[in-house]
Amino acid sequence: MKKRLILMCMMAAVISLAAHAQEEKRLSLITSAGTGLDISTPAKTPINFHVIGLYGINSHFYAGVGTGISSYEKALIPVFTEVRYFFTKPKTFMPFAECNIGYSFAPDKHANGGFYLNPSIGMQYKRRFFVSLGYEWQKLERLKSYKDQFVATEFAEKLHHTVISVNFGYKFDLH
């Protein structure tokens, strides 16, 4: 129920932003791949791939939804909303700030996803290529087991991955 509520809220936010657009309307598809430095314990270097659909509210502000795959101890499928703000009008180099917020699902039956947050800053080159540096926070719960000659047990381990993330991507304008 919580997962459905979060997804419905994310979709409502994107739809309401798109409904109030009064300037040039632009639709873009973004693909990105990245990794990072896990600063939590246990540390696991993540690898991620995201696909994001963005709607241009004006020349500075974009909003949309995305999904992808992230690999920590277990594979996770994040579903999130993204807001992106460009600090300058379109030109060769465009600095921006963005924030992804949502929920990750775990396809493994011995794991559960959780809350996902990734604020970052970046630079876009010629309105196509970009690189960003951010802070990713991901909840994950996994089933652990312990067995020795006297006892066998299973327990849920709750993890919070915090990562200094680096992403590289490409933007396709769909108009």
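Residues numbered from 1 in each chain as written. Predicted model: local features only at pLDDT ≥ 70, side-chain atom pairs only at ≥ 80, totals over all residues. Heavy atoms only, no water.

1. Quick notes on the nonpolar core
So, step 1. Ile30, Ile52, Leu54, Tyr62, Phe80, Phe86, Met94, Phe96, Tyr116 and Phe130 form the largest nonpolar core, which has ten residues in total.
So, step 2. Excluding residues that lie within four positions of it along the chain, Phe130 makes contacts with Ile30, Thr31, Ser32, Arg84, Phe96, Met123, Gln124, Asn167, Phe168, Gly169 and Tyr170.
So, step 3. Formed by six residues, the second largest nonpolar core is a distinct cluster that contains Tyr72, Leu76, Leu140 and Leu159. (Core = buried A, V, L, I, M, F, W, Y, C linked by side-chain atoms within 4.5 Å. Buried < 20%, exposed > 50% of the residue type's maximum accessible area, 1.4 Å probe, protein only. Contact = heavy atoms within 4.5 Å.)

2. Observations regarding the side chain of Gln138
So, step 1. Tracing the sequence through the fold places Gln138 in strand β8 (residues 129-147).
So, step 2. According to the relative accessible area criterion, Gln138 is buried, its value standing at 0%.
So, step 3. A polar atom in the side chain of Gln138 sits 2.9 Å from the side chain of Ser104.
So, step 4. Ignoring any residue separated from it by four or fewer positions in sequence, one finds Gln138 in contact with Tyr72, Leu76, Ser104, Gly114, Phe115, Tyr116, Leu159, His160 and His161. (Helix = DSSP H or I, 4+ residues; strand = E, 2+ residues; numbered from the N terminus. Polar contact = N/O pair within 3.5 Å; in protein donor to acceptor, adjacent residues only side chain to side chain.)

3. With respect to the environment of Thr67
So, step 1. Along the chain, the position of Thr67 falls in strand β3 (residues 61-71).
So, step 2. Those residues in contact with Thr67 that sit more than four places away from it in its chain are Phe49, His50, Val51, Ile77, Pro78, Val79 and Phe80.
So, step 3. Here Pro78 takes part through its backbone oxygen, which lies 2.9 Å from a polar atom of the side chain of Thr67.

4. Remarks on the pattern of salt bridges
So, step 1. Counting across every chain of the model gives five salt bridges.
So, step 2. In this structure, Asp173 engages Arg26 in a salt bridge whose closest nitrogen and oxygen atoms are separated by 3.1 Å. Of this pair, Asp173 sits in strand β9 (residues 152-173) while Arg26 is found in strand β1 (residues 26-38), placing the two residues 147 residues apart along the sequence. Both residues of the pair, Asp173 and Arg26, belong to the buried class.
So, step 3. Glu98 serves as the salt-bridge partner of Arg84, at 2.7 Å between the closest nitrogen and oxygen. With Arg84 in strand β4 (residues 75-86) and Glu98 in strand β5 (residues 93-105), this residue pair connects regions lying 14 residues apart in the sequence. The pair formed by Arg84 and Glu98 is uniform in burial state, with each residue classed as buried. (Salt bridge = Lys/Arg side-chain N within 4 Å of Asp/Glu carboxyl O.)

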